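Listed below are the residues making up each chain.
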Amino acid sequence: IRTDGAKAFAESLKQNTGVRVMNMARNPIGAEGAKALAEASKINVSVSEIKLGYSHILNKEAKALSEALTTNDLQRNCIRTDGAKAFAESLKQNTGVRVMNMARNPIGAEGAKALAEASKINVSVSEIKLGYSHILNKEAKALSEALTTNDLQRNCIRTDGAK
């Protein structure tokens, strides 16, 4: 499935209220496909999760998806610091989000810090997966203070950051 396929699926999703979870991972739907799915999931509120790992998603589309869903699986896309910050801003408002998987996105220290701050405000978030995301000691500590479950594997966290 590429961009056009994701757009067509998004159109049908606007009518089909029986869909709760969609797994479109490992399909290069890109920015336009993700945008179409985000818009469709705002109309069809029965959709709570769209799995889009490995799908060539960018910063802006990550934010649009975060505004509409309760579970976000955006692992291994092209979401950087700005995308994580935008996601964090919308997370402050969307209290339906419970789980986020943003592993393997190079969000870095500032992106992790923004997500940690947002999850202190939005206490419905219980888990953020940020493995392989260029997280440092200070941000690991901030995330551990805000969440009940953390997946921070393969980051730049040293002993003092794990305390």
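Numbers given for residues are sequential positions, taken from 1 along each chain in its written order. The model is predicted, so local features are restricted to residues of pLDDT at least 70 and side-chain atom pairs to those at 80 or more, both for listing and for counting; the totals for chains, interfaces and linings are taken over all residues. The basis for every side-chain value is the complete set of non-hydrogen atoms in the structure, without hydrogens or water.

Turning next to the side chain of N94. Helix and strand assignments follow DSSP, with helices taken as H or I runs no shorter than four residues and strands as E runs no shorter than two, numbered in order from the N terminus. Tracing the chain through its elements places N94 in the loop between helix 4 (81-91) and strand 4 (99-101). On the basis of relative accessible area, N94 is assigned to the buried category, the value being 14%. Here the term buried applies to any residue with accessible area under 20% of the maximum for its type, exposed to any over 50%, and partly exposed to those in between, with areas from a 1.4 Å probe on protein chains only.

Further remarks concern the packing of helix 4 against helix 5 (residues 108-121). Between two packed helices, what matters for the description is the angle formed by their axes and the separation of those axes. Axis definition: a line fitted to C-alpha atoms, over the contacting stretch in the case of helices. Angles run 0 to 180 degrees between N-to-C directions. Packing of helix 4 against helix 5 leaves a shortest axis separation of 8 Å and a crossing angle of 5°. With respect to helix 5, the element helix 4 is oriented roughly parallel. Between helix 4, through T81, A84, K85, F87, A88 and L91, and helix 5, the contact on the second element is made entirely by G108, E110, G111, A114, L115 and A118. When residues are grouped by polarity, Ala, Val, Leu, Ile, Met, Phe, Trp, Tyr, Cys and Pro land in nonpolar, Asp, Glu, Lys and Arg in charged, and all others, Gly among them, in polar. When its residues are assigned to classes, the contact of helix 4 with helix 5 shows seven nonpolar, three polar and two charged. Working definition: roughly parallel below 35 degrees, roughly antiparallel above 145 degrees, roughly perpendicular at 65 to 115 degrees, and oblique for all remaining angles. When checking whether two residues touch, look at their non-hydrogen atoms; a contact exists if any pair is within 4.5 Å.

For the rest of this paragraph, the subject is the confidence of the model for the chain. Confidence of the predictor in every single residue is expressed as pLDDT, which spans 0 to 100. When the pLDDT values of the chain are averaged, the result is 79; 82% of them are 70 or greater. Across residues 148-159, where pLDDT falls below 50, the model places 34 contacts with residues more than four positions away in sequence or in other chains.

So, about the nonpolar core. Within soluble globular proteins, side chains that are nonpolar tend to cluster in buried spots. We define a nonpolar core as any set of buried Ala, Val, Leu, Ile, Met, Phe, Trp, Tyr and Cys residues linked to one another through side-chain atoms lying within 4.5 Å. Judged by nonpolar contacts, the single largest core of 38 residues is most densely connected at L37, L52, M102 and L115. Mapped onto this core, the elements with two or more residues apiece are helix 1 (3-13), helix 2 (30-43), helix 3 (59-68), helix 4 and helix 5. Ranked by the residues each element gives to this core, the list is headed by helix 2, at five residues. With sequence-adjacent residues up to four places away left out, L115 is seen in contact with A84, F87, A88, L91, M100, M102, I107, I128 and L130.

Expected span of a helix, by definition, is 1.5 Å for each gap between consecutive residues, and there is one gap fewer than residues. Under the 1.5 Å per step criterion, the end-to-end length of helix 2 is 21 Å for 14 residues, consistent within 8% with the ideal 20 Å. Turning to helix 2, its buried residues number three or more, namely G30, A31, G33, A34, A36, L37, A38, A40 and S41. Considering only its buried residues, helix 2 is in contact with helix 1, strand 1 (21-23), strand 2 (49-51) and helix 3.

Next up on the list: the pattern of salt bridges. Opposite charge on two side chains permits pairing when their charged atoms draw close. Any Lys or Arg side-chain nitrogen found within 4 Å of a carboxyl oxygen on Asp or Glu counts as a salt bridge. Under the defined criterion, the tally for this structure stands at four salt bridges. Notably, a salt bridge pairs K92 with E89, separated by 2.9 Å at the nearest N-O pair. K92 gets classed as partly exposed once you look at its relative accessible area, which sits at 27%. For E117, the salt bridge goes to K120, with nearest N and O atoms at 3.6 Å. You can see E117 and its partner K120 sitting in helix 5, three residues apart, about one turn around the helix. The class for E117 is partly exposed, based on a relative accessible area of 38%.

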